[in-house]
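Here are the chains, one letter per residue:
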Amino acid sequence: MPRYGFLFDQNLCIGCNACQMACKDGHDLELGLFFRRVNTFEYTDDNGKTIYTHYSGACNHCENPACVNKCPTGAMFVQADGTVGHDDSRCIGCGVCTWACPYKAPKLSHKTGRAAKCDSCYSRRNEGKEPLCVEACLTHCLKFVNLDALSEEEKADCTNTLEILPSPERTEPNLIIKTKGGKDCE
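Residues numbered from 1 in each chain as written. Predicted model: local features only at pLDDT ≥ 70, side-chain atom pairs only at ≥ 80, totals over all residues. Heavy atoms only, no water.

### Considerations on the environment of Lys 104
Then, in step 1: By the secondary structure assignment, Lys 104 is in the loop between helix 3 (96–100) and strand 6 (107–108).
Then, in step 2: Lys 104 sits in the partly exposed class, given a relative accessible area of 45%.
Then, in step 3: Note: C-alpha distance between Lys 104 and Gly 85 (19 residues apart in sequence) is 15 Å.
Then, in step 4: Leaving out residues up to four positions away in the same chain, Lys 104 has contacts with Thr 98 and Trp 99. (Helix = DSSP H or I, 4+ residues; strand = E, 2+ residues; numbered from the N terminus. Buried < 20%, exposed > 50% of the residue type's maximum accessible area, 1.4 Å probe, protein only. Contact = heavy atoms within 4.5 Å.)

Here it is as structure tokens:
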């Protein structure tokens, strides 16, 4: 089975939050609930210059998803294409998934009392459309792709972690990040 996930190019991201807002609006998420967040970080380069960089993060649809492994009801599950989904009808709102995920992707909805998370717009993709966040990205820095089909050139200067993210070894995130200037942000 192919590995689907997000490809994020920090070199192109301008931190506009279009991906974050398209997701929020498209899923009609309640106040304060986001499936995707854009954060801005700064670091000092080797010449002492302050550099600002952005990171757009959501569920990483991990190969070994902690949320799925810890969910007591099976509400968190691996979908047919390998991405991680959530079944509202099986969720009891216990919050185990929210603390199990090192990326903090699942969130508890105050409105429904259940967990909610990015499913990479599974139903949209089944209709041949892009996820809302990808479709809204002004600079095309965010893509949802078959990670196994990427060429070596496309994978050059890429990583699946940054200093701001948890170690990928535990969950094996399906995420590829083209880092800003080849340097992880702090």
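### Looking at the environment of Cys 16
Then, in step 1: With respect to the secondary-structure elements, Cys 16 resides in the loop between strand 1 (4–9) and helix 1 (18–26).
Then, in step 2: Separated by 123 residues in the primary sequence, Cys 16 and Thr 139 place their C-alpha atoms 9.5 Å from one another.

### As for the packing of aromatic side chains
Then, in step 1: Applying the stated criterion across every chain, the model contains three aromatic pairs.
Then, in step 2: Ring geometry for Tyr 4 and Phe 144: centres 6.2 Å apart, planes at 10°, overall stacked. Here the residue Tyr 4 occupies a position in strand 1, and Phe 144 occupies one in strand 8 (residues 142–146), the gap between them amounting to 140 residues.
Then, in step 3: Tyr 4 sits in the partly exposed class, given a relative accessible area of 27%.
Then, in step 4: Classification of Phe 144 as buried rests on a relative accessible area of 10%.
Then, in step 5: When the ring of Phe 6 is compared with that of Phe 144, the centres are 5.0 Å apart and the planes differ by 70°; the resulting orientation is edge-to-face. A residue pair is termed long-range when its members are at least 10 positions apart, and Phe 6 in strand 1 and Phe 144 in strand 8 qualify at 138 residues. Assigned by exposure class, Phe 6 and Phe 144 land together as buried.
Then, in step 6: Ring-pair connections join several aromatic residues into one group, and the members of that group are Tyr 4, Phe 6 and Phe 144.
Then, in step 7: Stacked on the ring of Phe 6, the Lys or Arg Arg 36 has its end atom at 4.5 Å from the ring centre.
Then, in step 8: Between Arg 37 and the ring centre of Phe 34, over which it is positioned, the NZ or CZ distance is 4.1 Å. (Phe/Tyr/Trp six-rings, centres within 6.5 Å; stacked < 30°, edge-to-face > 60°. Lys NZ or Arg CZ within 6 Å of the ring centre and 35° of its normal.)

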